[in-house]
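Residue-level structure breakdown
This is what each chain is made of:
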Amino acid sequence: MKKPKLLGIEFIRGVSTYAVVLVHSGDETWGLSIENTAINFRLFFYFAVPFFLAAAFYFMTANPAISYSIKFWRSRVDRILVPYIIWSIIFFISRAIIFTVTHKTERLNQFLQDPLSIIFLGGASYHLYFLPLLLTGSLLVLLMPLLERLKINSLGLLAIAMFSIYFYNLLEISGNGFHLGEPSNAFENLTMNLNIDIEKYPWLRLILVESAWIIRCLPYFAIALILNKLRLDRELLNIKTPAILSVAILVILCNTTGKMLLPVGLSELLLAFILLLFSIIISKYFSNNTVASIVSSIGKCSFGVYLIHPFVMYLVKPIASKILPDIATTISISSMLALSILCFSISWAIVAYLTKNKLMSKYLFGI
């Protein structure tokens, strides 16, 4: 059964997209000094990708029949693979031009020497990795018919979830998780200890990255299956306002102290699924037509904003720095907020306009 559209999820999806923009407004790639308060402030906004994964698997696992559905896999191609290919080409060309014009020959050569990363790992731009990660994780739905045949109940799924959380956490704390960079890789410590020069074996590198992505996605898959099996969405929609505040407090505590009190993998998953449950709870409060329309637009445009915001940020920052000189000299909380709000708003407006064209909407944003 197809899940009803939950505007709370659309709203938190938009908030998470803004969180991505804010983090990228104050990361180390700008080459500027970063105030300690800004670094601590950023910690509140690393929930975006975990929430995206939790929401994606929540909807993917709603119907076991999709595993061998041509319609489902066609949607994966249309909504993930096609935009990934197009945006990889766009960012590849733009970065090659920028490196050439600015005479950054070394950066250009380094960029061009890693075609495997550009083609398969989102290496054309730092944020594109999420698309092949999600596409790889989607393969886990092929396990659903097997789990159904084996009659795995909620307790069995909980056991799978606990084991998968353990292995994901082990992957992270051992330094073998996916590393985004130049080059992007996984199982770095393992290959170093085995004296394997991974750059000489590109297909092994690809297999290791894909394996790391599967390990990361497996707990999301298992927990999402449990939520769907228990039909929690129906119960959560009846929860009253005080519970919303309680969940919001849990989200904040999990995000700010979870990494100190809990294993990294467990903290990430708790945050992601608390946010997902919170988003389901608040869905009933978006009944006003105007508010619902705005929230629906935010949700619809969020993927496009995620894809396009690096371009907007690159173009807006020089202009914004003339109005707010501090943006060009140091990264502070105020500079991050100013730049992120401006870039998010402009990106949203651009995507909302472009999605009016059916071809652009389909091929650029998978809508």
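Please read all numbers here as calculations on a predicted model, not as lab measurements.

Another point: the packing of helix α4 (residues 70-101) against helix α7 (residues 130-138). Viewed as axis vectors pointing N to C, α4 and α7 meet at an angle of 160 degrees, and their least axial separation amounts to 9 Å. For the element pair α4 / α7, the angle class is roughly antiparallel. Crossing of α4 against α7: the hand is left-handed. Contacts between α4 and α7 involve Trp73, Arg76, Ile80, Leu81, Pro83 and Tyr84 from the former and Leu131, Pro132, Leu134, Leu135 and Ser138 from the latter. Here the residues of the contact of α4 with α7 are counted per class, giving nine nonpolar, one polar and one charged.

The subject of this paragraph is the environment of Glu148. Tracing the backbone shows Glu148 in helix α8 (residues 144-149). Residue Glu148 is classed as partly exposed on the basis of its relative accessible area, which comes to 45%. Ignoring anything within four residues of it in the chain, the contact list for Glu148 reads Pro64 and Lys229.

This part is about helix α14 (residues 264-281). Taking 1.5 Å as the rise per residue, α14 with 18 residues should run 26 Å; its terminal C-alpha atoms sit 26 Å apart, in good agreement. Most of α14 sits inside the fold, with 14 of its 18 residues counted as buried.

Geometry of a packed helix pair, given as the angle between the helix axes and the separation of the axes. Relative orientation of the contacting elements helix α15 (residues 289-323) and helix α16 (residues 333-354) amounts to 120 degrees, with a least axis distance of 5 Å. Here α15 lies oblique to α16, going by the angle between them. The two elements α15 and α16 cross, and the hand of that crossing is right-handed. In terms of residue class, the contact of α15 with α16 is built from 18 nonpolar, four polar and one charged.

Turning next to the nonpolar core. Formed by 101 residues in total, the largest nonpolar core has its most connected members in Leu53, Phe57, Phe273 and Leu276. The biggest single contributor to this core is helix α11 (residues 202-230), with 14 residues.

Despite not being glycine, Lys151 shows a phi value in the positive range, around 55 degrees. With respect to the helices and strands, the residue Lys151 is situated in the loop between α8 and α9 (154-173). Look at Asn195: it is not a glycine, yet its phi comes out positive at around 55 degrees.

It is worth spelling out the environment of His179 at this point. For His179, the position within the fold is in the loop between α9 and α10 (188-193). It is 9.8 Å that separates the C-alpha atoms of His179 and Ala212, two residues lying 33 residues apart in sequence. The contacts of His179, once residues within four sequence positions are left out, are Ser184, Asn185 and Glu188.

Mapping Leu158 onto the fold places it in helix α9. Residue class for Leu158 comes out partly exposed when judged on its relative accessible area of 40%. Once the C-alpha coordinates of Leu158 and Leu225 are considered, the two residues, 67 residues apart in sequence, prove to be 9.4 Å apart.

Okay, α11 next. For α11, with 29 residues, the first-to-last C-alpha span of 42 Å sits near the 42 Å given by 1.5 Å per residue. Helix geometry: α11 is bent most strongly at Cys217, by close to 30 degrees, with proline Pro219 lying one to four residues after it. Positive backbone phi, approximately 50 degrees, marks Arg231, located one or two places after α11.

What follows is about the packing of aromatic side chains. Taken as a whole, this structure holds 20 aromatic pairs when the rule is applied. Taken together, a centroid distance of 6.5 Å and an interplanar angle of 35 degrees make the contact between Phe45 and Phe47 tilted. With respect to burial, Phe45 and Phe47 carry one shared label: buried. One aromatic cluster in this structure is built from Trp87, Phe91, Phe311 and Phe365. Here the basic side chain of Arg95 rests over the ring of Phe111, its NZ or CZ set 4.5 Å away from the ring centre.

Criteria and cut-off values
Residues numbered from 1 in each chain as written. Predicted model: local features only at pLDDT ≥ 70, side-chain atom pairs only at ≥ 80, totals over all residues. Heavy atoms only, no water. Axes fitted to C-alpha atoms, helices over the stretch in contact; angles between N-to-C directions. Helix = DSSP H or I, 4+ residues; strand = E, 2+ residues; numbered from the N terminus. Parallel < 35°, antiparallel > 145°, perpendicular 65-115°, else oblique. Left-handed = near helix turned anticlockwise from the far one by under 90°. Contact = heavy atoms within 4.5 Å. Nonpolar A, V, L, I, M, F, W, Y, C, P; charged D, E, K, R; others polar. Buried < 20%, exposed > 50% of the residue type's maximum accessible area, 1.4 Å probe, protein only. Expected span 1.5 Å × (residues − 1). Core = buried A, V, L, I, M, F, W, Y, C linked by side-chain atoms within 4.5 Å. Bend = angle between axes of the 7 residues up to and from the residue. Phe/Tyr/Trp six-rings, centres within 6.5 Å; stacked < 30°, edge-to-face > 60°. Lys NZ or Arg CZ within 6 Å of the ring centre and 35° of its normal.

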